[in-house]
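Topology and contacts: notes
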Amino acid sequence: MDDLWDSVFLLSKTPTDLVDSPLLILSCFIAGLVGVLTIAFTAFQWRRNINLTWMNAVARSKKNPKAKNKVPAASHSWVLDSATRAKNMNCCVCLKSSSPSQTLGPMVATDTFIYRCGVCGALAHLGCFSNAAKDCKCVSMIEYEHVMHQWAVRWTDVTDQPAETSFCNHCEEPCSAAFLAGSPIWCCLWCQRLVHVDCLGSMSNETGDICDLGPFRKLILSPLHVRELNWASSGGILSSITHGANEIASTMRGRIRSHSKKHKHDNVSSVDTSNSGSTCNTGTDSTGDTSLTANGSHITEGSCNGSVNRGDPNSKGDIDKKIESSTNLRRSESINLKDESHVAGKQRYEIIDLASDTKPLLVFVNKKSGAQRGDSLRQRLNILLNPAQVFELSSAQGPEAGLYMFRRVPHFKILVCGGDGTVGWVLNAIDKQNFVSPPPVAILPAGTGNDLARVLSWGRGLGIVERQGGLSTVLHDIEHAAVTILDRWKVAILNRHGKQLQPPKFMNNYLGVGCDAKVALDIHNLREENPEKFYNQFMNKVLYAREGAKSIMDRTFADFPWQVRVEVDGAEIEVPEDAEGVLVANIGSYMGGVDLWHNEDENFDNFDPQSMHDKVLEVVSISGTWHLGKLQVGLSRARRLAQGQTIKIQLFSGLPVQIDGEPWFQQSCTLFISHYGQAFMLKRAAEEPLGHAAAIITDVLENAESTHVINAVQKRALMQEMALRLSS
């Protein structure tokens, strides 16, 4: 009887009561979610099929022999790459996904690798790349009157796409691959403009196919002025001409050597410890360190230590100095001729008939710098610029190849993608080129510390650059950057008799002796043994911190004050008893942003503020690795010791030494630091009125030189004076 009444009670419930049941609500929610997902999947497949239809039409139009080919054919530069790095990309031949197939069975070997074009970024399967169309970015259009658009299909958002070009150039609708968008997107490989595939025909009929190179036209090396060289395939008359030119160059070098022998005398001079080191040893320096010319990016001084020569009553001494400088100059010219003949044989392109008012950008990329992202940076720069103006630095190819290619370009800028060591490498190469008007250098911080990039406002690492707009923002800032001056210093390594033990080194940022150099040396050795551990900037800093922590309780340098002797401008400086290292600083950033001098400190102790172009160095001491750690977090400061133009550090025993982060272990010797010259650098001038004014003045001076109103020497002097006044 009770069961009957329960049944009657359930049947008496209204539909509203049943709706309130939690189980029924959950069931309805799941059913609705499945329905929404089904509709979304159907819409996605519909969009994908439409896109594939468009892509097949594009592919057929490329293969149509009757189609008018207005752009020269260019083969892709295929590089083997991992398929896992090619997400959301399609093969440019079969149009299928380039990602490895997800099957239950073992993965096929050919599915794990793909071919990627190092120039335009196109992808192709291992079995498809041989059938790819020759539609890569064409480096040379020398036979054309105008630069032509080169359209490439982009399935995903283009990396480093300028914000103003994110809309279709014809219909002005967004080109962000909307959810139900049917037409894929064309992107011009030169001007970076976007256009829907179904809008391309109408746009070509209205505006034509002439490309203006887009927002970076002033920095792009126009393909109209680039000629491709085929040295390997050329023979016959060209081979004979090349052989004859080499013979002439060899004869000229022989004459220079024989002429220099007539004036040869004892060039090995000792450093006089009693006259503040006013003379400089040049016996083994074959890099052309001379006061007669402005070598590369340096404005060399009248004497080796950087001070202006005010004259000497001993005329015979002046004559001897001139003969010695002339001899060194001829040696430099002989070496440059040999280097140029070696580099010229490896050139792939040459620049011809470039207008005097153009200012292209020469780019150097070091893929082994701290961030280990050189391959990605080079490909992105190849898309934004002309691939012919982007050079990769390696042990087999230094900056000389790019500088030789740009040797006849009157005005150009340089971008160095790397760390402080890479910047020094490029500055040394510029120095050997004997540019009358040296190019200014900008920095893309791809190293670990990036101290020089910090001082010049280019950022502390690639992460900051990416968050501020990527490479398109960097190129915009380079175009509007201000020219400034950087002091460069020569470090001679001498024995107790004053003779050089090895070729001199050059310093841009700082020199360290003692505990800080030991940490850098330990990291250097670890990098050589385990390069795979140094795969990004953050992990590099973690490893630096770990190696520094190991040395906190280590008192290896407890006797450091009695192992060194420091002289500044001829006066001995007392090293504190608690010091475990001495640092000589040229810029206001050390070891990833540490300010050793603190210009904002009101109590200077009779010291002047630090400047990177006052031809003065600052000397400080640190009291161990623990002190270095506190410097990093701002809990302590380095102890100021002295300021001066010439620094002499005597090592009475073997100690670690580093220059700009490049460490080595040095046996007992004397380190003699003297002013070498000044380099032109580019400082980021975003949102700074003075910086924009400096950029405008620089353009005015370069235009005045192009129109022969002033010469190169006058322009260089005016730019130096402008940089000094704006920085003061």
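Only a predicted model underlies this, so the values are computations on that prediction, with no experimental measurement involved.

Okay, the confidence of the model for the protein chain next. Considering every residue of the protein chain, the mean pLDDT works out to 74; 66% of them sit at 70 or more. When the elements of the protein chain are averaged for pLDDT, helix α5 (residues 237-262) gives the smallest value, 44, and strand β21 (residues 647-651) the largest, 96. pLDDT under 50 marks residues 63-69. Its contacts with residues more than four places away, or in other chains, come to 1 contact. Here residues 102-110 is modelled with pLDDT under 50, and outside its nearest four sequence neighbours on either side it reaches 4 contacts, counting other chains as well.

Let us look at the nonpolar core. In terms of nonpolar packing, the biggest core is built from 99 residues, with Val363, Ile414, Leu444, Trp458, Ile478 and Met681 touching the most fellow members. Beyond its immediate sequence surroundings of up to four residues, leucine 444 is in contact with Leu377, Leu415, Val416, Cys417, Gly418, Leu462, Val465, Leu471 and Val474. If you look at the next biggest cluster of nonpolar residues, it comprises 44 residues, including Ile493, Phe557, Ile659 and Leu671.

Attention now goes to the side chain of asparagine 509. Mapped onto the elements of the fold, asparagine 509 is located in the loop between β14 (505-507) and β15 (510-514). A relative accessible area of 1% places asparagine 509 in the buried class. Within the structure, asparagine 509 has its side chain in polar contact with the side chain of aspartate 420 (distance 3.4 Å). Once you skip the residues sitting within four places of it in the chain, asparagine 509 turns out to touch Asp420, Asp451, Leu452, Val584, Ala585, Asn586, Ile587 and Asp660.

Another point: the pairing of strand β24 (residues 669-683). Across the 15 residues that make up β24, a large majority, 14, are buried. In the sheet, strand β13 (residues 482-494) pairs with β24 via 13 bridges, with the strands oriented antiparallel. Looking across to β24, one finds that isoleucine 493 is bridged to leucine 671. Relative to β24, β21 is paired through 5 bridges, and the arrangement is antiparallel. Opposite lysine 648, over in β24, you have phenylalanine 672 as the bridge partner.

Let us now look at the state of the cysteines. In a disulfide, the sulfur atoms of two cysteines are covalently bonded to one another. With the rule as written, the count across this model stands at 0 disulfides. No disulfide involves cysteine 120; its nearest neighbouring cysteine sulfur is the one of cysteine 117, lying 3.6 Å away. Here cysteine 211 stays unpaired: no disulfide links it, and the sulfur of cysteine 191, its closest cysteine neighbor, is 3.8 Å away. Judged by its relative accessible area of 6%, cysteine 211 is buried.

One open sheet accounts for 6 strands, arranged β20-β19-β18-β15-β22-β23; its pairing is antiparallel. Edge positions in the sheet fall to β20 (639-644) and β23 (662-666), since each of these pairs with one other strand and no more. Direction aside, neighbouring strands of the sheet carry axes that sit 20° apart on average. For strand β18 (residues 581-585) and strand β19 (residues 617-622), the ladder comprises 5 bridges, and the chain directions are antiparallel. The partner of valine 582 across the bridge, within β19, is serine 621.

By the secondary structure assignment, alanine 446 is in the loop between β12 (441-445) and α10 (451-455). Alanine 446 gets classed as buried once you look at its relative accessible area, which sits at 4%. Along the primary structure alanine 446 and lysine 368 are separated by 78 residues, whereas in three dimensions their C-alpha atoms are 9.3 Å apart.

Here is what the cut-offs are and how they apply
- Residues numbered from 1 in each chain as written.
- Predicted model: local features only at pLDDT ≥ 70, side-chain atom pairs only at ≥ 80, totals over all residues.
- Heavy atoms only, no water.
- pLDDT = per-residue confidence, 0-100.
- Helix = DSSP H or I, 4+ residues; strand = E, 2+ residues; numbered from the N terminus.
- Contact = heavy atoms within 4.5 Å.
- Core = buried A, V, L, I, M, F, W, Y, C linked by side-chain atoms within 4.5 Å.
- Buried < 20%, exposed > 50% of the residue type's maximum accessible area, 1.4 Å probe, protein only.
- Polar contact = N/O pair within 3.5 Å; in protein donor to acceptor, adjacent residues only side chain to side chain.
- Pairing = 2+ DSSP bridges.
- Disulfide = S-S within 2.5 Å.
- Axes fitted to C-alpha atoms, helices over the stretch in contact; angles between N-to-C directions.

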